[in-house]
Amino acid sequence: MVHNVFPLTDDENLQKSSIVTYTVIDNRHLVYVDDSNLLHFLNIEQSTQNIGKSKLIKTVNLGSYNTRQIKKLIYHEYENNGMYLIWSDDTSISWAKLDRLLLYSAVSDDLQNCSQKQLSYKWKLNDPYARIMDFQACNKSHMMLFFVVTNTGSIINFRFYKELSKRSLQILEHRVTKKPRPKNSSSNAKYVFKQDNLVSHFKKIAHDSFSELKLFSSTSTYVIATCYDNNIYCFQVCATTQKLQFIGKNDTIVKTLPLNTTNQITSTLDVLQRTGSQIFKLVVNVNNYGCVLLSLSIQDAQWNFQIIKAYKLKKLCETMAKIGVSLFCDGSKCFVLRGSERGSLYQWNTETHRGQKLYSFGKNSDSLVHSFIKSNSQNGNESIYWLQNTETIQIL
């Protein structure tokens, strides 16, 4: 059953704001950033009568700390050093301890003061032509590792030592096409990072732009990224130096499926590991087609992609880059979820491949379903959150 989390709060000011990005802390707490760079902490009711109803706990102004619009927000547990919120705009990544953020009151407090006391941190791109498309973080050897992909075809990793209160940067850059970097890319930049842009613009302007990345681990830590050249790029993190090793790129989807010029591999992708093995399931969104479920096996640094099933939807006419797709488990069963531009949520069983329209906002609705987040519920299964346009967060 689908439930609204937002805007079912009694706060009228919240109901007027637009949600740009959000993250789930646990099954009772959610945080989102609005279009004014205000960070809102919500408590989610879990009673049968009011499931999904939210109550505002705290609001913190990030506008003085981030003058550009914040694009992405994630929650991260940094081993014994506490819980962090990490957020990015198009040129920087910032992070701060959750309990420190909760100490500051709405709007009046300035996180610049917090930064001077080393309670929050910021890393900036040093390339004036680059824009951050996506980032992820993980823990490694008492460090917090960050991975960033950009519109200029670069992937960057840097590490953060909490004990030393300093950062150490390690950069590895891969040009994914031979197209030279433009001498003046100011006009390109506003197209490249706009979240909901026409696919035709991306194909012409940002062919070498990464769209999204995911981290997954078994015996090693791996990074996988999708790109607007319709390839999937694979990296492995060195256990000793934490530097990235480029494994290669894969064009299985392009070679296998009957795609045309309107079909574009875009965000998002998701990875699910089969317990106790080096075999993973991967789902990738393809605009104007549907989504593709793949298996990925890794042995001796050799990556083997195979298409399990291509889930094609009929009568699609999609222009947005940001359509949600996710893999999740319900007991022993695994499912693929995919959003749409027409307010619909689709589901397929990864074993039987039977599909259904799980939810519909309304017939012929111009409503974008995107930004899936998984969170463990009280019964041990996964709860799925997603964003409907910039107005409503839903729970499945």
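Here the structure is a predicted model, which is why all the values come from computation and not from measurement.

Caption draft 1: Here's a closer look at the overall build of the protein chain. Scanning the protein chain from terminus to terminus reveals 6 helices and 28 strands. Taking all 396 residues of the protein chain together, 55% fall into the buried category. At a minimum sequence separation of 6, the contacts of the protein chain that also span at least 24 residues come to 50%. Carbon and sulfur atoms make up 46% of the accessible area of the protein chain, which amounts to about 17800 Å² in all.

Caption draft 2: Broad picture of the environment of Asn 285. As for its placement among the helices and strands, Asn 285 is situated in strand β19 (residues 279–287). Considering only alpha carbons, one finds Asn 285 and Gly 324, 39 residues apart in sequence, at a separation of 7.6 Å. Within the structure, the side chain of Asn 285 is placed 2.9 Å from the side chain of Asn 287, a separation counted as a polar contact.

Caption draft 3: View of the environment of Gly 82. Secondary-structure assignment places Gly 82 in the loop between β6 (72–77) and β7 (83–88). It is 8.5 Å that separates the C-alpha atoms of Gly 82 and Asp 99, two residues lying 17 residues apart in sequence. Those residues in contact with Gly 82, other than ones at most four positions away along the chain, are His 76, Glu 77 and Lys 97.

Caption draft 4: Focus on the pattern of salt bridges. Enumeration according to the criterion identifies 6 salt bridges in this entry. Put simply, Asp 90 and Arg 131 hold a salt bridge, and the shortest N to O gap is 3.8 Å. Residue Asp 90 is found in the loop between β7 and β8 (92–97), and its partner Arg 131 is found in the loop between β9 (120–124) and β10 (132–140); the two are separated by 41 residues along the sequence. Of the two residues, Asp 90 and Arg 131, both sit in the buried class. Counted as one network, the salt bridges with shared partners bring together Arg 68, Asp 90 and Arg 131.

Caption draft 5: Spotlight on the nonpolar core. In this structure, Phe 216, Ile 224, Ile 253, Leu 282, Leu 296, Trp 303 and Phe 305 are the most contacted members of the largest nonpolar core, which totals 20 residues. Counting residues per element, the ones that place at least two in this core are β15 (221–227), β16 (232–237), β18 (264–273), β19, β20 (290–299) and β21 (302–312). Setting aside residues up to four positions removed in sequence, Phe 305 forms contacts with Ile 224, Ile 232, Cys 234, Asn 250, Thr 252, Leu 282, Leu 294, Ser 295 and Leu 296.

Caption draft 6: A look at the sheet that holds β7. Pairing within the open sheet is antiparallel, and its 4 strands lie in the order β6-β7-β8-β9. The open sheet has two edge strands with one neighbour each: β6 and β9. Pairs of neighbouring strands in the sheet enclose a mean axial angle of 20°, with direction left out of account. Bridge count for β7 against β8 is 5 bridges, and the pairing is antiparallel. Within β8, the residue paired with Leu 85 across the bridge is Ala 96.

Caption draft 7: Expanded view of the confidence of the model for the protein chain. Per-chain confidence: the protein chain averages 76 in pLDDT, with 72% of residues scoring 70 or above. Averaged pLDDT values for the elements of the protein chain fall to 36 in helix α4 (residues 186–192) and rise to 94 in β6. Here residues 47–51 scores under 50 on pLDDT; set against residues more than four positions off or in separate chains, the count is 4 contacts.

Caption draft 8: Region of interest: the sheet that holds strand β25 (residues 355–360). Pairing is antiparallel in the open sheet, where 4 strands are placed in the order β22-β23-β24-β25. Only two strands of the sheet have a single neighbouring strand rather than two, namely β22 (325–330) and β25. The average angle at which neighbouring strand axes cross in this sheet is 25°, direction not considered. Pairing geometry for β22 and strand β23 (residues 333–338), over 6 bridges, is antiparallel. Across the sheet, Ser 326 pairs through a bridge with Leu 337, a residue of β23.

Caption draft 9: Spotlight on unusual backbone geometry. Backbone geometry places Asn 37, a non-glycine residue, at a positive phi of 60°. With respect to the helices and strands, the residue Asn 37 is situated in the loop between β3 (29–34) and β4 (38–44). With relative accessibility at 4%, the residue Asn 37 sits in the buried group. Of note, the phi angle at Asn 288 is positive, near 60°, even though the residue is not glycine.

Caption draft 10: Structural view of the packing of aromatic side chains. According to the stated counting rule, one finds 21 aromatic pairs in the structure shown. Consider the rings of Phe 146 and Phe 158, whose centres lie 4.7 Å apart with planes at 5°: the pair is stacked. With a gap of 12 residues between them, Phe 146 in strand β11 (residues 143–150) and Phe 158 in strand β12 (residues 155–161) connect regions that are remote in the sequence. Side by side, Phe 146 and Phe 158 carry an identical accessibility label, which is buried. Seen from their ring centres, Phe 216 and Phe 280 are 4.6 Å apart, and the 65° between their planes marks the pair as edge-to-face. Of this pair, Phe 216 sits in strand β14 (residues 210–217) while Phe 280 is found in strand β19, placing the two residues 64 residues apart along the sequence. Residues Phe 216 and Phe 280 agree in their burial class; the two are buried. An aromatic cluster is built from Tyr 78, Tyr 84, Trp 95, Tyr 121, Trp 123, Phe 146, Phe 158 and Phe 160, whose rings are joined through pairwise contacts. In this structure, Lys 72 is placed above the aromatic ring of Phe 135, and the distance from its NZ or CZ to the ring centre is 5.1 Å.

Cut-offs applied
Residues numbered from 1 in each chain as written. Predicted model: local features only at pLDDT ≥ 70, side-chain atom pairs only at ≥ 80, totals over all residues. Heavy atoms only, no water. Helix = DSSP H or I, 4+ residues; strand = E, 2+ residues; numbered from the N terminus. Buried < 20%, exposed > 50% of the residue type's maximum accessible area, 1.4 Å probe, protein only. Contact = heavy atoms within 4.5 Å. Areas by Shrake-Rupley, 256 points an atom, 1.4 Å probe, with all protein chains shown as cover. Polar contact = N/O pair within 3.5 Å; in protein donor to acceptor, adjacent residues only side chain to side chain. Salt bridge = Lys/Arg side-chain N within 4 Å of Asp/Glu carboxyl O. Core = buried A, V, L, I, M, F, W, Y, C linked by side-chain atoms within 4.5 Å. Pairing = 2+ DSSP bridges. Axes fitted to C-alpha atoms, helices over the stretch in contact; angles between N-to-C directions. pLDDT = per-residue confidence, 0-100. Phe/Tyr/Trp six-rings, centres within 6.5 Å; stacked < 30°, edge-to-face > 60°. Lys NZ or Arg CZ within 6 Å of the ring centre and 35° of its normal.

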